[in-house]
Amino acid sequence: GGAGACAARPPTPGDSGTMAAPSLALEVFLYFGKLWDVVFWLISFMVFCYKGYNLPYPGNAYEMEFTYLFMYLLVEPPRLFLGSQGNKSVRAGPLWASMVLAGFVLFMHVYYIVAQTFVLRVDYWMNIISLVFLSAQFLLSGTQALDFMRGA
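Residues numbered from 1 in each chain as written. Predicted model: local features only at pLDDT ≥ 70, side-chain atom pairs only at ≥ 80, totals over all residues. Heavy atoms only, no water.

Trainee: Is there a simple way to think about empty space enclosed by the protein in this case?
Mentor: Empty space among the atoms can be located by rolling a probe the size of a water molecule over them. Taken as a whole and assessed by the stated rule, the structure comprises one cavity of 30 Å³ or more. Estimates place the volume of the largest cavity at around 50 Å³. In terms of lining, the largest cavity is formed by Gly33, Trp36, Asp37, Tyr72, Glu76, Arg79, Val105, His109, Ser130, Phe133, Leu134 and Gln137. Mapped onto the lining of the largest cavity, the elements with two or more residues apiece are helix 2 (24-54), helix 3 (61-89), helix 4 (92-114) and helix 5 (121-151). (1 Å grid on protein atoms, 1.4 Å probe; cavity = no way out; pocket = protein on both sides within 12 Å on 5 of 7 lines; lining within 4 Å. Points joined across faces, edges and corners; volume = space filled by probe spheres on them. Helix = DSSP H or I, 4+ residues; strand = E, 2+ residues; numbered from the N terminus.)

Put into structure tokens, the structure is as follows:
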């Protein structure tokens, strides 16, 4: 028999013999981030309805700030999807794309904390929680993307 022809090559010095693998930590942050995003968006929608009815917004500031909330719906689900798909398929490209989309999401959360016309405590804390999720997802995605590129 030709058993030697099918044998795996022995590891070379400095070669761990392992390939990059999906990150459980990243997948957990993405999963719970999705759940938080639903809560965040629904509460933000209700808070905006309250603010629009009860607070004196100048000019078109209310419409602009409320529109950002809907723009969030266009960017955040694809960002999370790309992050999860890149992680599960062990591909860096979708992770990098997810990180690029994170730039808009970061802008939106920071805007809602420091620059929107009326920042209520609920706005502040909900956006802080979102930034914690975003930061963890971003850092873990970057680490995974680099690992995937090294393992390719």
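Once you've had a look at it, read on.
Trainee: Hey, could you run me through unusual backbone geometry in this one?
Mentor: Working note: non-glycine residues mostly have negative phi, and peptide bonds are mostly trans. Even without glycine at this site, Val90 takes up a positive phi of about 55°. With respect to the element layout, Val90 can be found in the loop between helix 3 and helix 4. The exposure class assigned to Val90 is partly exposed, which follows from its relative accessible area of 30%. (Buried < 20%, exposed > 50% of the residue type's maximum accessible area, 1.4 Å probe, protein only.)

Trainee: Please clarify how the packing of aromatic side chains should be interpreted in this entry.
Mentor: For any two aromatic rings, the description comes down to two numbers: the centre-to-centre distance and the angle of the planes. Evaluation of the coordinates by the stated rule reveals 19 aromatic pairs. Each ring, one from Phe45 and one from Phe66, has its centre 5.5 Å from the other, and the planes form 40°; the classification is tilted. Of the two residues, Phe45 sits in helix 2 while Phe66 sits in helix 3, which places them 21 residues apart along the sequence. Where Tyr62 meets Phe66, the ring centres are 5.5 Å apart and the plane angle is 10°; that geometry is what we call stacked. Highlighted residues: Tyr62 and Phe66, both in helix 3, separated by four residues, approximately one helical turn. For the residue pair Tyr62 and Phe66, the accessibility class agrees, reading buried in each case. The rings of Trp41, Phe45, Phe48, Tyr57, Tyr62, Phe66, Tyr68, Phe70, Phe107, Tyr111, Tyr112 and Phe118 are connected pair by pair, giving a single aromatic cluster. Lys51 extends its terminal NZ or CZ atom over the ring of Phe48, reaching a point 4.7 Å from the ring centre. (Phe/Tyr/Trp six-rings, centres within 6.5 Å; stacked < 30°, edge-to-face > 60°. Lys NZ or Arg CZ within 6 Å of the ring centre and 35° of its normal.)

Trainee: Mind showing me how you'd approach a nonpolar patch on the surface here?
Mentor: Side chains of Leu24, Val28, Tyr31, Phe32 and Leu35 sit close together on the surface and give an oily, nonpolar patch of about 520 Å² of accessible area. Assignment of secondary structure puts Leu35 in helix 2. Judged by its relative accessible area of 43%, Leu35 falls in the partly exposed class. (Patch = residues over 30% accessible without salt bridge, like charges linked within 9 Å, V, L, I, M, F, W, Y side chains within 5 Å. Areas by Shrake-Rupley, 256 points an atom, 1.4 Å probe, with all protein chains shown as cover. Salt bridge = Lys/Arg side-chain N within 4 Å of Asp/Glu carboxyl O.)

Trainee: Please explain helix 3 as it appears in this structure.
Mentor: Since there are 3.6 residues in each turn of an α-helix, residues three or four apart along the chain are aligned in direction. An ideal rise of 1.5 Å per residue puts 42 Å on 29 residues; helix 3 measures up with 42 Å between its terminal C-alpha atoms. One or two residues past the end of helix 3 sits Val90, with phi positive at roughly 55°. (Expected span 1.5 Å × (residues − 1).)

Trainee: Can you help me understand the packing of helix 2 against helix 5 in this one?
Mentor: Two quantities define a packed helix pair, namely the angle between the helix axes and the distance between the axes. Where helix 2 meets helix 5, the axes come as close as 10 Å, and the angle between the chain directions of the two elements is 155°. On the basis of their axis angle, the class for helix 2 and helix 5 is roughly antiparallel. Pair helix 2 / helix 5 crosses with left-handed handedness. For the pair helix 2 and helix 5, contact is made by Ala25, Leu26, Phe29, Leu30, Phe32, Gly33, Trp36, Phe40, Ile43, Ser44, Val47 and Lys51 and by Val122, Asp123, Met126, Asn127, Ile129, Ser130, Phe133, Ala136, Gln137, Leu140, Ser141 and Gln144, respectively. Residue classes in the contact of helix 2 with helix 5 are distributed as 15 nonpolar, seven polar and two charged. (Axes fitted to C-alpha atoms, helices over the stretch in contact; angles between N-to-C directions. Parallel < 35°, antiparallel > 145°, perpendicular 65-115°, else oblique. Left-handed = near helix turned anticlockwise from the far one by under 90°. Contact = heavy atoms within 4.5 Å. Nonpolar A, V, L, I, M, F, W, Y, C, P; charged D, E, K, R; others polar.)

Trainee: Quick question: what am I supposed to make of the nonpolar core here?
Mentor: In a soluble, globular protein the nonpolar side chains are often hidden away together inside. If you look at the biggest cluster of nonpolar residues, it comprises 22 residues, and the most contacted ones within it are Phe40, Phe48, Leu69, Tyr72, Met108 and Tyr112. Contributions of two or more residues to this core are made by helix 2, helix 3, helix 4 and helix 5. Sorting elements by how many residues they give to this core places helix 3 first, with seven residues. Setting aside residues no more than four positions away along its own chain, Met108 makes contact with Phe40, Tyr68, Tyr72 and Asn127. With seven residues, the next largest nonpolar core counts Leu26, Leu80, Ala92 and Phe148 among its residues. (Core = buried A, V, L, I, M, F, W, Y, C linked by side-chain atoms within 4.5 Å.)

From the geometry alone we can't say anything about function, so treat these as descriptive.
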